[in-house]
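If you want the building blocks of each chain, they are given just below.
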Amino acid sequence: MSLSKDEVKKIAFLSRIDVEEEKLEELSDSLSSILDWVEMLQKVNVDNIEPLASTVDFTQPLRKDEITDGGYQQKVLSNTQHAEDGYYTVPKVVE
Amino acid sequence: MTEFSKLTIKEALKGLEKKEFSAVELTQQSIAAFKANSDLNTVICDNFEEALKEAQLSDEKRAKGEPLGSMESIPIGIKDLFATKGLQTTAASHILEGFKPEYESFVTAKLKKEGAINVAKLNLDQFAMGSANLTSYFGASINPWQGPNGEKLVPGGSSGGSSAAVAAGLVLAATGTDTGGSIRQPAAYTGIVGLKPTYGRCSRWGIIAYASSLDQAGPMTKNVEDAAIMLGAMAGHDKMDSTSAPYDVPDFTSFLNQDIRGMKIGIPKEYQIEGMNPEIKAEWEKGAALLKEQGAEIIDISLPHTEYALPTYYIIAPAEASANLARYDGVRYGLREEGDSLDDMYAKTRSKGFGEEVQKRILIGTYVLSAGFYDAYYIRAQKVRRLIKQDFEKAFEKVDAILTPTAPSSAFSVENAPKDPVTMYLNDIFTVPVNLAGLPAISIPSGLDSKGLPLGLQLIGKAFDEANLLKIAKAVENAANFTAIPHRLR
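As the structure is a prediction and not an experimental result, all values here were calculated from the model. (Residues numbered from 1 in each chain as written. Chains lettered and ligands numbered in written order. Predicted model: local features only at pLDDT ≥ 70, side-chain atom pairs only at ≥ 80, totals over all residues. Heavy atoms only, no water.)

> How should the side chain of Arg204(B) be read in this particular structure?
Residue and element names in this part refer to chain B. Position of Arg204 among the secondary structure elements: in the loop between strand 5 (193–196) and strand 6 (216–221). Overall, the relative accessible area of 18% leaves Arg204 in the buried class. A polar atom in the side chain of Arg204 sits 3.2 Å from the side chain of Tyr199. Excluding residues that lie within four positions of it along the chain, Arg204 makes contacts with Tyr199, Ser212, Asp215, Asp241 and Thr243. (Helix = DSSP H or I, 4+ residues; strand = E, 2+ residues; numbered from the N terminus. Buried < 20%, exposed > 50% of the residue type's maximum accessible area, 1.4 Å probe, protein only. Polar contact = N/O pair within 3.5 Å; in protein donor to acceptor, adjacent residues only side chain to side chain. Contact = heavy atoms within 4.5 Å.)

If you want it as structure tokens, here you go:
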């Protein structure tokens, strides 16, 4: 499985990571070598096998849907320099 | 008093009780050792001032006869992947440089409650992605062991700052996290003990996530007994982590030094990989012989899907990472690079803030989760994961634990680290299957190779059976009698 430069560009956009034009070639080689290698999984017979997402075998707990946490706006905002009036600020989204 | 660099947790607890030294003295020695070995680059952010204050309080507690924790006054290091309140937490990344959490992780809070003193936040591979501590934004951490010609060696990874700091005697112990071998492989590379508990044994709350279905925190210590003490101080149920096991934590130390006669130890034939380093094979055989001498029964077993574990891991872990790391967008914390639009800001921030290896894994993860490829890659990998887990379940019908090498080689030099990703990934060939199956495993230093570098043996146990795992590990430790010390301490 080899990835073209255009495919890498598309994945990079989906990942919201800027990749410089001159690095695309090297990156597509490196990613392709990983994908080539994982290709060996196609050999495994997985008929009638259920996917395993987690090894946890105890019942996941449920709790009442009620507020148990919160009410500390300043703490939440303490790690940004981009806050105004208790909100985060970002570049303009709507013209 | 035993030299500080050689002191174990157990010895320190005794010395403190007998008033041979104080918590402040221990902490001062740890700080001095960190300063004298700053070239090993084990520290991302120190906590020296705060640690001394805590040590003072710990001494006062002891003087007043107040109840003491199981790790009271013990100076430790914390892998910089655990959120520590008010203390910079970076995951060795630029994107989190300067980030000061408003809360403390469950594991570090529990250690603190048990009296342990956090002296420094330790270096690691960026977002715990790596096997050599070479992907840290803050530079490589260096192994206190040296190559035959004085070469600088990697301390393993991702918990490389932790392994180097413990091996060099800068702290008595350190926390690590293990997603595919990140506690056990660095432990093997530095001649210390590293324990990855069963998935769910230690809460993941407040640990910066890499691959959530695989990540698990554990102790990195100078010996097995210390691992048992420290695991007890880290483990326990936490309602903030829905995958945290609601099981009691036994006193792991009470299982040590018990007879292992009649216990069944499996040797999986598939771990005899093609082109296996003969020294690694010989060490493995030595381990089996040592166990046999102590009355254990050695049984050949088969784990047929072993060869598929690494490729399975390199689909599942990047997939989970791409989702977990989506949160670093420059909006709420960490680095922000200005952009013309919101998307532009995201892309510039993430491009500048993530290192190469992290970007690569996010891209792979995004690809295998994308429409059209999801079934062929991700779902298939999850199916193979079940087969790998079933292999272990079948094996554990016949055996109490499984013995393998920890890593395919001893520590390699910083200069000659593999450039090709797949070769680098092969470092985790013996450790990754354990994470996919969610089992506990421990690496014990057992001997030196012809280069004079430590080798580790891995024991894999049944889920939530760390007690027996530690018991067998102690037997291996006693028999192997590994006493070599790193070049840095000679």
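> Sorry if this is basic, but what is going on with the nonpolar core here?
Considering soluble globular proteins, one finds that nonpolar side chains tend to be buried as a cluster. Residues and elements named next belong to chain B. Formed by 136 residues in total, the largest nonpolar core has its most connected members in Met71, Leu111, Phe127 and Phe392. Residue contacts for Met71: discarding those within four places in its chain leaves Ile9, Leu13, Ile76, Leu111, Glu114, Gly115, Ala116, Ile229, Met230 and Ala233. One finds Leu40, Ala55, Leu122 and Met220 within the second-largest nonpolar core, a separate group that totals 25 residues. (Core = buried A, V, L, I, M, F, W, Y, C linked by side-chain atoms within 4.5 Å.)

> How do you make sense of the sheet that holds strand 6 of chain B when you look at a structure like this?
Sheet strands associate in pairs through backbone hydrogen bonding, adopting either a parallel or an antiparallel arrangement. Residues and elements named next belong to chain B. Spatially, 1-3-2-4-6-5-10-11-9-7-8 is the arrangement adopted by the eleven strands of the open sheet, whose pairing is mixed. Of all strands in the sheet, those bounded by a partner on one side alone are strand 1 (43–46) and strand 8 (297–301). Adjacent strand axes in the sheet meet at a mean angle of 30 degrees when their direction is disregarded. Across three bridges, the pairing between strand 1 and strand 3 (residues 117–122) is antiparallel. Of the residues in strand 3, the one forming a bridge with Asp46 is Ala120. Helix 7 (residues 224–234) contacts strand 2 (75–79), strand 4 (173–178), strand 5 and strand 6 of the sheet and is inclined by roughly 145 degrees relative to strand 6. (Pairing = 2+ DSSP bridges. Axes fitted to C-alpha atoms, helices over the stretch in contact; angles between N-to-C directions.)

> How do you make sense of the interface of chain B and chain A when you look at a structure like this?
Accessible area lost upon the coming together of the parts serves often as the stated size of an interface. Opposite the 66 residues of chain B that make contact, chain A presents 47 residues. Interface of chain B and chain A: buried area, both sides summed, is about 5,200 Å²; carbon and sulfur atoms make up 67% of it. Counting the contacts that link chain B with chain A gives one salt bridge. Between Arg16(A) and Asp343(B) there is a salt bridge whose closest N-O contact spans 2.8 Å. Taken together, the links from chain B to chain A amount to 19 residue pairs in polar contact (both at pLDDT 80 or more). (Buried area = accessible area lost by both parts, 1.4 Å probe. Salt bridge = Lys/Arg side-chain N within 4 Å of Asp/Glu carboxyl O.)

> What's the story with the environment of Glu25(A) in this structure? I'm lost.
Mapping Glu25(A) onto the fold places it in helix 2 (residues 24–38). Distance in space between the C-alpha atoms of Glu25(A) and Glu95(A) is 36 Å, their sequence separation being 70 residues.

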